[in-house]
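The residues making up each chain are set out below.
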Amino acid sequence: MPTETRLETGAPWIELSTTDEDWKAADPTLLGTMLAELHLIRAFEETVLDLAGEGLVHGPAHSSIGQEGGAVGSIVGLRTTDAVNGSHRGHHQFLAKALTHVSGGTIDPAAAVTPKIQRVLQRTLAEILGLAQGFCRGRGGSMHLQWFEAGALGTNAIVGGGVPMGAGNAWAQKHSGTDDLTISYFGDGSSQIGSVLESMNLAAAWKLPFCFFIENNLYAVSTRVDEISADPRLSVRGQGFGIPGWRVDGMDPLAVHLAVEQAAARMRRGDGPAVVEAEVYRFFHQNGPYPGSAFGYRHKDEEAQWRSRDPLDRTANEMIRLGLIDDAGVAELRRQAQDSMTTAVAELLEPDPDSPGKRRIRPELWPDPGFVNVGVRGDASELRSLDVLEPTTYEGPWRATKFIDAVSGVMDRRMGTDERIVVFGEDVHRLNGGTNGATKGLAKYGENRLVGTPISENAFTGIGGGLALDGRFRPVIEFMYPDFMWVAADQVFNQIGKARHMFGGDNPVPLVLRTKVAMGSGYGSQHLMDPAGIFATSPGWRIAAPSTAADYVGLMNAALALQDPVLVIEHVDLYGTADHVPDGDLDYIIPPGRAAIRRTGNDVTVISYLSMVARCAEAIEQTGMDAELIDLRWLDRASLDWDTIEASVRKTNAVLIVEQGARGTSYGGWLADEIQRRLFDWLDQPVERVSGEEASPSISRVLERAAIAGTEEIVARLEKMRVAMGEL
């Protein structure tokens, strides 16, 4: 028979409950503040549901009624410089942090509503109603609440999506030399999600001051946690990563406070993350003013049992028992909270003149429709003080280099002059520069600035996003291949790309995402895509695509100075090429809106980027056509050089867009549409395109070549255009 030994994880797993002595020992000011925050949040949520019932809340109203104890208990003891982020059901989390911030952590239940607190309640309600005075100017609504000044990083409509971003904030706190911490709130449904589990691994490996706070309310929309998880003891999730866990009754705010106090002590002394599971219960359905029993997935007796454990009653009863308040004091607190919401509503609503007896939002409080696109990206004004150099007209000395050495060289220069730059990616710290040499020589900056990551793109990309929003660092994220962005698509597109706009348009998101196109290298369908078309049609991103080493330097310098997320695309065909850069310190930029004319001509405008620029030059030479060749450099909607494109098209009256990648995710399809809309009157024939086939490139050398565009395809299309010109 084999010998069996029972093993232990070594990570503590604790169930914490309060006793009468704990309540007696608690600071009366703490208890009074908790009770006041609980009542303010409850009255706020009741008001939201009332307004939703009147049809005045556009979109969902994810009430936190019943769950307030977890948020208040965990947040009431935090500093302003501590941070929180949360889920779509996040009003209580946001309000607890905002109320704690403006009150300095102390609220007198006898005089709970100060002018600052009234302002927080009104602005939060305005945000949920979509009004301009809201914290996110009405763009965030119920699910996207952010107030950086208070340490509220933003609630999140993607289940589990905010957790990696919160871990990024914790990374910034740790590496800024503080003992601040971050708490990320998510539910039972999120506890199964990859981004959460990936973040647990990274937070543990890097000992981040990060708390995974699970609000286990037993249900997703209507599905019970024990239906979808083999182990519904959610506080055990961290055990496999060596993270200690606390399980606590979330209907007991003091128990939550004590558990988080213990977890916080661990985090503040540098011992790494913690998991806290608070067992709570939402008194209403996923969305709106009806209980779950109205939809048949919960029983009324279950709801009644949980309602009897209301955290407001629990806190009030304990305080009454201790002689800290009486029934009249609790009633007065309740009245104050309700009156504050009545006042807030009166500031936002008025009688509807077209519907007697009904109310409407005051028309003057809506955002201006012209605000719709403001803040998708910044205005790039941060580049105005930097030195611009145009390589095509530079007349100074040059020095020879390989393209890949320019990649690592400019990063070396920038990391040497800007201590905020941090590089994350798989194997970037090994192999003398990663898998291609792009980070060669950067290991000298230390493991906290050249950070080798596990294979967990969702987590380390989200951590980069959190770092960018924090503002103390400038993350550079490397995707070894662009196809891997689909693994991190939530963080890339839903989080990083949308963050500035959806939270009001003001918050910078300075992040660079590097990746390489590897078509022709034989790596097959899941490693070779060109991501330009996907990013060009996704909001928030700028895109740089250099075809020369000198351009790479200028574009990367601009990317690292911009306050927007920038995708920098490279091509493996260029890495080994002999090239040159201006001699000197590599400090110049090529700003957005600067294309390069590689060849002047009158017959046709050929537009391309990356390694296909050289292929286009070859094809033009072979056909003998008098073509003008434009190297775009910047590809996104906001950064395209329309002046150069328009001037060329007005001259040639014909356009050929050339790219190497697949037809389905084509960049050229989007660009052709834009050109035809803008310049239709100047075109003598439809915009022509060269691209790869519908299929992704295969491993077979023959099938790979058949799937991607090359010089031959460009020549064929130019010849076709020549024929068309002769027929005009």
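Residues numbered from 1 in each chain as written. Predicted model: local features only at pLDDT ≥ 70, side-chain atom pairs only at ≥ 80, totals over all residues. Heavy atoms only, no water.

Draft legend 1. Examining the overall build of the chain more closely. Helix and strand counts for the chain stand at 23 helices and 22 strands. Expected size for 728 residues packed as a compact globule is a radius of gyration near 27 Å; at 29 Å, the chain falls within 12% of this value. Projected onto its principal axes, the C-alpha positions of the chain cover 95 × 80 × 50 Å. Taking all 728 residues of the chain together, 60% fall into the buried category. For the chain, the computed accessible surface area is about 28000 Å², with 50% contributed by carbon and sulfur atoms. Side-chain charges in the chain split into 68 positive and 97 negative, and the spacing between the mean points of these groups amounts to 1 Å. (Helix = DSSP H or I, 4+ residues; strand = E, 2+ residues; numbered from the N terminus. Rg over C-alpha atoms; globule rule 2.2 N^0.38 Å. Buried < 20%, exposed > 50% of the residue type's maximum accessible area, 1.4 Å probe, protein only. Areas by Shrake-Rupley, 256 points an atom, 1.4 Å probe, with all protein chains shown as cover. Lys, Arg positive; Asp, Glu negative; His and termini not counted. Charge placed at Lys NZ, Arg CZ, Asp CG, Glu CD.)

Draft legend 2. Fine view of the sheet that holds strand E1 (residues 13–16). Strand order in the open sheet formed by 7 strands is E1-E6-E7-E5-E4-E2-E3, and the pairing between neighbours is parallel. Only two strands of the sheet have a single neighbouring strand rather than two, namely E1 and strand E3 (152–155). For this sheet the average axis-to-axis angle between neighbouring strands, irrespective of direction, equals 15°. Here strand E4 (residues 182–187) runs beside strand E5 (residues 210–216); their pairing, made up of 6 bridges, is parallel. What sits directly across from Thr182, in E5, is Phe210. (Pairing = 2+ DSSP bridges. Axes fitted to C-alpha atoms, helices over the stretch in contact; angles between N-to-C directions.)

Draft legend 3. Expanded view of the nonpolar core. In this structure, Leu125, Trp147, Ile183 and Phe213 are the most contacted members of the largest nonpolar core, which totals 88 residues. Per-element accounting of this core gives the leading share, 13 residues, to helix H2 (residues 28–53). Residues in contact with Phe213, not counting those within four places in the same chain, are Gly70, Ser74, Ile183, Ser184, Tyr185, Phe186, Val256, Val260, Val276 and Ala278. Membership of the second largest hydrophobic core comes to 82 residues, among which are Val422, Phe460, Ala518 and Met529. (Core = buried A, V, L, I, M, F, W, Y, C linked by side-chain atoms within 4.5 Å. Contact = heavy atoms within 4.5 Å.)

Draft legend 4. Molecular detail of unusual backbone geometry. Despite not being glycine, Leu218 shows a phi value in the positive range, around 80°. If you trace the backbone, Leu218 turns up in the loop between E5 and helix H8 (225–228). If you check the backbone angles, Leu610 has positive phi at about 55° while not being a glycine. Summarising the element assignment, Leu610 is placed in the loop between strand E19 (604–608) and helix H19 (612–623). Overall, the relative accessible area of 4% leaves Leu610 in the buried class.

Draft legend 5. A look at the sheet that holds strand E22 (residues 688–690). Here 5 strands make up an open sheet; going across it, the order is E18-E20-E19-E21-E22 and the pairing mixed. Whereas interior strands pair on both sides, the edge strands pair on one side only; in this sheet they are strand E18 (596–599) and E22. This sheet shows a mean twist of 25° between the axes of neighbouring strands, independent of strand direction. In this sheet, strand E20 (residues 627–631) lies alongside E19 in parallel orientation, the contact comprising 5 bridges. Each bridged residue has a counterpart across the sheet, and for Ser608 the counterpart in E20 is Asp631. Packing of H19 onto the sheet brings it into contact with E18, E19, E20 and strand E21 (655–658), and relative to E20 it is tilted by some 175°.

Draft legend 6. Region of interest: the pairing of strand E2 (residues 83–86). A two-sided burial pattern is seen for E2, the buried positions comprising Ala83 and Asn85 on one face and Val84 and Gly86 on the other. In the sheet, E2 pairs with E4 via 3 bridges, with the strands oriented parallel. Across the sheet, residue Ala83 finds its bridge partner in E4, namely Thr182. Taken together, the 3 bridges between E2 and E3 define a ladder with parallel strand orientation.

Draft legend 7. Spatial organisation of the pattern of salt bridges. Throughout the structure, instances matching the rule amount to 52 salt bridges. Between Asp470 and Arg472 there is a salt bridge, with its nearest N and O atoms 2.8 Å apart. Since its relative accessible area comes to 33%, Arg472 is described here as partly exposed. Among the charged side chains, a network of salt bridges with common partners joins Asp20, Asp252, Arg314, Glu318 and Arg321. (Salt bridge = Lys/Arg side-chain N within 4 Å of Asp/Glu carboxyl O.)

Draft legend 8. Spatial organisation of helix H9 (residues 253–268). Taking 1.5 Å as the rise per residue, H9 with 16 residues should run 22 Å; its terminal C-alpha atoms sit 22 Å apart, in good agreement. Among the residues of H9, the N-terminal cap falls to Asp252, whose side-chain oxygen and the backbone nitrogen of Leu254 are separated by 3.1 Å. Looking at the residues trailing H9, positive phi occurs at Gly270, about 90°. (Expected span 1.5 Å × (residues − 1). Polar contact = N/O pair within 3.5 Å; in protein donor to acceptor, adjacent residues only side chain to side chain.)

Draft legend 9. Quick look at helix H20 (residues 642–652). When H20 is considered as a whole, its buried residues turn out to be Trp642, Thr644, Ile645, Ser648, Val649 and Thr652. Buried residues in H20, looked at end-on, bunch into an arc of 160°, giving them a common side. Where H20 terminates, the next one or two residues include Asn653, which has phi positive at roughly 65°. (Arc of directions from axis to C-beta.)

Draft legend 10. Region of the structure containing the pairing of strand E7 (residues 274–279). When you tally the buried positions in E7, you get 5 out of 6 residues, the bulk of the element. Here E5 pairs with E7 via 6 bridges, running parallel. Bridging across to E7, Cys211 finds its partner in Ala274. With 5 bridges connecting them, strand E6 (residues 245–249) and E7 associate as parallel partners. Residue pairing in the sheet places Gly245 in a bridge with Val275 of E7. Between the parallel pair E6 and E7, the chain is carried across by H9, and the sense of this crossover is right-handed. (Right-handed = clockwise from strand over helix to strand, strands pointing away.)

Draft legend 11. Spotlight on the UniProt feature "domain: Transketolase-like pyrimidine-binding" (unreviewed entry) in the chain. Following the UniProt record, the feature "domain: Transketolase-like pyrimidine-binding" (unreviewed entry) maps to residues 401–577 here. Each end of residues 401–577 is marked by a C-alpha atom, and these two atoms are 9 Å apart; helix forms 37% of the span and strand 18%. (UniProt positions renumbered as here; feature names shortened; annotations may be inferred.)

Draft legend 12. Local environment of the side chain of Ser74. Looking at where Ser74 falls in the secondary structure, it is placed in helix H3 (residues 68–75). Under the relative-accessibility criterion, Ser74 is labelled buried at 2%. With residues near it in sequence (within four places) discarded, Ser74 still touches Ile183, Tyr185, Phe213, Val256 and Val260.

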